[in-house]
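# Overview (structure and organization)
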Amino acid sequence: MKPMTMLFCLITMFLIASAYSNTVMRLDMTHRDTLSPIHTPYHRIEDIFGEDKRRHSLISQKIKTTKSGARMSLGSGFDFGAAQYFSEIMVGTPAKKFRVVVDTGSELTWVNCRFQGKGKENREVFRAEGSSSFKTVGCMTKTCKVDLMNLFSLSICPTPQSPCSYDYRYADGSTAQGVFATDTFTLGLTNGSPTSIPGLLIGCSSSTKGDSLRASDGVLGLAFSDQSFTAKATNIFGAKFSYCLVDHTSNKNISNYLTFGSNPTSTLKPPARRTARLELNLLPPFYAVSIVGISIGNTMLNIPPVVWEVRKGGGTILDSGSSLTFLADAAYKAVVSGLERHLVGLKRVKPEGLPMEYCFDTSKFDDSKLPQLSFHFKGGARFAPYRKSYLIATASPGIRCLGFVPAGAPAPNVIGNIMQQKHLWEFDLAASTLSFSPSTCL
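Computed from a predicted structure; not experimentally measured. (Residues numbered from 1 in each chain as written. Predicted model: local features only at pLDDT ≥ 70, side-chain atom pairs only at ≥ 80, totals over all residues. Heavy atoms only, no water.)

Of the regular secondary structure elements, the protein holds 6 helices and 28 strands. Scored against the burial criterion, the 442 residues of the protein give a buried share of 46%. Considering only intrachain contacts with a sequence separation of at least 6, the fraction spanning at least 24 residues in the protein is 66%. Carbon together with sulfur atoms contributes 56% to the accessible area of the protein, which is approximately 23,300 Å² in total. (Helix = DSSP H or I, 4+ residues; strand = E, 2+ residues; numbered from the N terminus. Buried < 20%, exposed > 50% of the residue type's maximum accessible area, 1.4 Å probe, protein only. Contact = heavy atoms within 4.5 Å. Areas by Shrake-Rupley, 256 points an atom, 1.4 Å probe, with all protein chains shown as cover.)

Here you go:
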């Protein structure tokens, strides 16, 4: 029935009811079992119980997920020789555990995978045929041709039954090739019980390349995108997610949590809590923020405002997948020269293989002599990272480097995970706010 026809019928019924306001309308209600005389009383009770049980299961699942958030472990990759942070996800039916990079700058969630005999044997491999809930996305579907276009879906389609392929590329040159599919994820809730979420998009990667991917079994894509894990999780648990990054040199036995929905252990309470605007539409799918300046001590650095503008400069994003902080050239020069003045007398060194230019022998250095560096947000919020987040330790004893890399000009500024460490970060996607607070993350 067309909408206009339905509306006309409803109006007509209302007018008739108004005309006979003293008349009572009565509708007969017949129990459904009277319509099935072939069923015995036993069968009717069995059917009723079966349907009630299924309904109760659905109600329980709904209540369980709406009253709780989802919580996943989150730890440093230092012990694995990686500069990222790792979580563990459970994929498939039966569920299998994978260690994945937590990446707020990536849309696609994928794991090392074997599908139809293709795929290399890494630390952990997801064997797609062994999961009863695994289902490929067809290469002829709208999902493949339109929805997944931004996720590097390929136009190759040998037959209508062939899966949708991808060649996913990262900013550091790393790549992952495979096929798109959907499968069930099993998550732990904040109340301690598990829950399963069916039909989540996942990449089945049969080939990967790049140093940043060698220590993991895949990537958990948390970018602001309809196709990311974030989109599905926040739709179920509420439009918030939060994480607390432990010290980047922590061993694998020390971890905190990545949480979707309200965080019951959140310490984001005044006066420690700071809130800034989350600019979700400026640089999608990245989590952009409006920085207006950087200060060292009580002195605001002389950085051209254009550096922070999206259209003319490049803007600023928070990225859990980048370890170091990238600054456009004008900001980089102002920051490193401002900090270097307070490191006078220290021997400058150049450790082999490190991208940082300013490294020093700090074995006899008192950190308290280094002034506080702060990022200033539009609206007045100020992020003051710990000193060891911008004078960072290296593998060489006593050698520490300023944790900044020149990004070029114009170029986006990226606040990396080391700068974010030992803070609790909460992304409220409904309110478009970013809240943060110092924390031990333990």
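Right, let's talk about the confidence of the model for the protein for a bit. Caution is warranted with low-pLDDT regions, since their predicted coordinates should not be read in detail. Confidence in the prediction of the protein, expressed as mean pLDDT, is 84, and 81% of residues score 70 or more. Across residues 1-67, where pLDDT falls below 50, the model places 17 contacts with residues more than four positions away in sequence or in other chains. (pLDDT = per-residue confidence, 0-100.)

As a further point, take helix α5 (residues 329-340). The end-to-end C-alpha distance of α5 is 16 Å, a good match for the 16 Å that 12 residues give at a rise of 1.5 Å each. Within α5, the full set of buried residues consists of A331, Y332, A334, V335, V336, G338 and L339. Those residues of α5 that are buried lie in contact with β15 (291-296), β18 (325-327), β21 (373-377), β24 (399-402) and β25 (404-406). (Expected span 1.5 Å × (residues − 1).)

Under the criterion given, the structure shown has 19 aromatic pairs. Measuring from centroid to centroid gives 4.6 Å for F241 and F427, while their planes differ by 5 degrees, and the two rings are stacked. Within this pair, whereas F241 is found in strand β11 (residues 240-244), its partner F427 is found in strand β27 (residues 423-428), the two being separated by 186 residues in sequence. Judged by its relative accessible area of 1%, F427 falls in the buried class. A ring pair is formed by F375 and F383, whose centres lie 5.9 Å apart and whose planes are at 20 degrees; its orientation type is stacked. An aromatic cluster of three or more residues is present, and its members are F185, F224, F229, F241, Y243, F260, Y287 and F427. Of note, R71 hangs over the ring of Y257, and the distance from its end group to the ring centre comes to 4.1 Å. Looking at R348, its charged tip hangs above the ring of Y358, at a distance of 4.1 Å from the centre. (Phe/Tyr/Trp six-rings, centres within 6.5 Å; stacked < 30°, edge-to-face > 60°. Lys NZ or Arg CZ within 6 Å of the ring centre and 35° of its normal.)

In the UniProt entry, the feature "active site" (unreviewed entry) is given for D103 and D319. In sequence the annotated residues extend across 217 residues, while in space they remain close, none of their C-alpha pairs exceeding 7.0 Å. Within the element layout of this structure, D103 appears in strand β3 (residues 96-103). Among the polar contacts listed, one links the side chain of D103 to the backbone nitrogen of G105, at a separation of 2.8 Å. Take D319: it is sitting in the loop between β17 (316-318) and β18. Discounting residues that sit within four places of it in the chain, D319 has contacts with D103, T104, G105, V414, I415, G416, N417 and Q420. A distance of 2.6 Å separates polar atoms of two side chains, one belonging to D319 and the other to S322. (UniProt positions renumbered as here; feature names shortened; annotations may be inferred. Polar contact = N/O pair within 3.5 Å; in protein donor to acceptor, adjacent residues only side chain to side chain.)

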